[in-house]
Amino acid sequence: MIKTSAENFKPAALEKNIQLVCDFQADGTLQITADYSRIKQVIFNILSNAVKYTEHGSVKISVDNKDCVEVSITDTGIGISKTDLPHVFERFYRCDKSRKRGGSGVGLTIAAAIIAAHNGTITVESSEFSGSTFRIRL
């Protein structure tokens, strides 16, 4: 599902000169029970933001399953400021106050709710102008 999601973003990534990389370390020995369409929605929301806020860089999707299933999406985009970082999962919160890039400010809120409903966690690490890494653990 993650590979298919990544494939769907290849045209947009190519248009913006973004290298889209998939790195799957998962060996299939750890499996989870989850709502396929909802987890796909989470991956879509985060990939969409990664491509939207990156120019001439890269977006890397990693999957590992050492003690849980962990999906990391790392971009080299504009990043999130220290001021905005604590609020990115809040409903209607927008880091891009000018609204130049579209969106309603609910994508990450929905992603966080879906992951919480699956008893998982979603976190973000970011530095302004250095990109972001979102980690989903199920």
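Residues numbered from 1 in each chain as written. Predicted model: local features only at pLDDT ≥ 70, side-chain atom pairs only at ≥ 80, totals over all residues. Heavy atoms only, no water.

Our next topic: the overall build of the protein. Along its length, the protein carries 3 helices and 5 strands. Counting every position in the protein, which comprises 138 residues, the buried fraction comes to 40%. Excluding contacts between residues fewer than 6 apart, the proportion of contacts in the protein whose partners are at least 24 apart in sequence is 64%. Just so you have it, the protein exposes about 8000 Å², and 51% of that area is on carbon and sulfur atoms. (Helix = DSSP H or I, 4+ residues; strand = E, 2+ residues; numbered from the N terminus. Buried < 20%, exposed > 50% of the residue type's maximum accessible area, 1.4 Å probe, protein only. Contact = heavy atoms within 4.5 Å. Areas by Shrake-Rupley, 256 points an atom, 1.4 Å probe, with all protein chains shown as cover.)

Another point: the sheet that holds strand β4 (residues 121–127). Reading across the sheet, the 5 strands line up as β1-β2-β3-β5-β4 and stay open at both edges, with mixed pairing between neighbours. Because the sheet does not close on itself, it has two edges, and the strands there are β1 (19–24) and β4. On average, adjacent strands in this sheet sit at an angle of 10 degrees to one another, irrespective of strand direction. Sheet topology places β4 next to strand β5 (residues 131–137); 7 bridges connect them, and they run antiparallel. For E125, the partnering residue across the bridge sits in β5 and is T133. Against the sheet, helix α2 (residues 36–52) contacts β2 (58–64), β3 (70–75), β4 and β5, and its axis sits at roughly 15 degrees relative to β3. (Pairing = 2+ DSSP bridges. Axes fitted to C-alpha atoms, helices over the stretch in contact; angles between N-to-C directions.)

What follows is about the packing of aromatic side chains. Scanning the model with the defined rule gives 2 aromatic pairs in all. Centroid distance F9 to F44: 5.3 Å. Interplanar angle 45 degrees. Geometry classified as tilted. Here F44 lies in helix α2 and F9 lies in helix α1 (residues 2–15), a separation of 35 residues in the sequence. A residue is classified by how much of its surface remains accessible, and F9, at 10% relative accessible area, is buried. Note on F89 and F134: the rings are 6.3 Å apart at their centroids and 90 degrees apart in plane angle, and the pair reads as edge-to-face. Of this pair, F89 sits in the loop between β3 and α3 (107–117) while F134 sits in strand β5, and the two are 45 residues apart along the sequence. We classify F89 as partly exposed; its relative accessible area is 24%. (Phe/Tyr/Trp six-rings, centres within 6.5 Å; stacked < 30°, edge-to-face > 60°.)

Where empty space is left in the structure can be found by rolling a water-sized probe over the atoms. Size it by volume and the second largest pocket reaches roughly 470 Å³. Mapped by element, the contributors of at least two residues to the lining of the second largest pocket are α1 and α2. (1 Å grid on protein atoms, 1.4 Å probe; cavity = no way out; pocket = protein on both sides within 12 Å on 5 of 7 lines; lining within 4 Å. Points joined across faces, edges and corners; volume = space filled by probe spheres on them.)

On inspection of all chains with the given rule, the structure shows 8 salt bridges. The partner of K66 in a salt bridge is D64, and the shortest N-O contact between them spans 3.2 Å. Where E70 meets R135, a salt bridge forms, and the shortest distance between an N and an O atom there is 3.8 Å. Note that E70 is positioned in strand β3 and R135 in strand β5, a separation of 65 residues in sequence. On the basis of relative accessible area, E70 is assigned to the buried category, the value being 19%. On the basis of relative accessible area, R135 is assigned to the partly exposed category, the value being 26%. Within the structure, one salt-bridge network assembled from shared partners comprises D67, E70, E125, R135 and R137. (Salt bridge = Lys/Arg side-chain N within 4 Å of Asp/Glu carboxyl O.)

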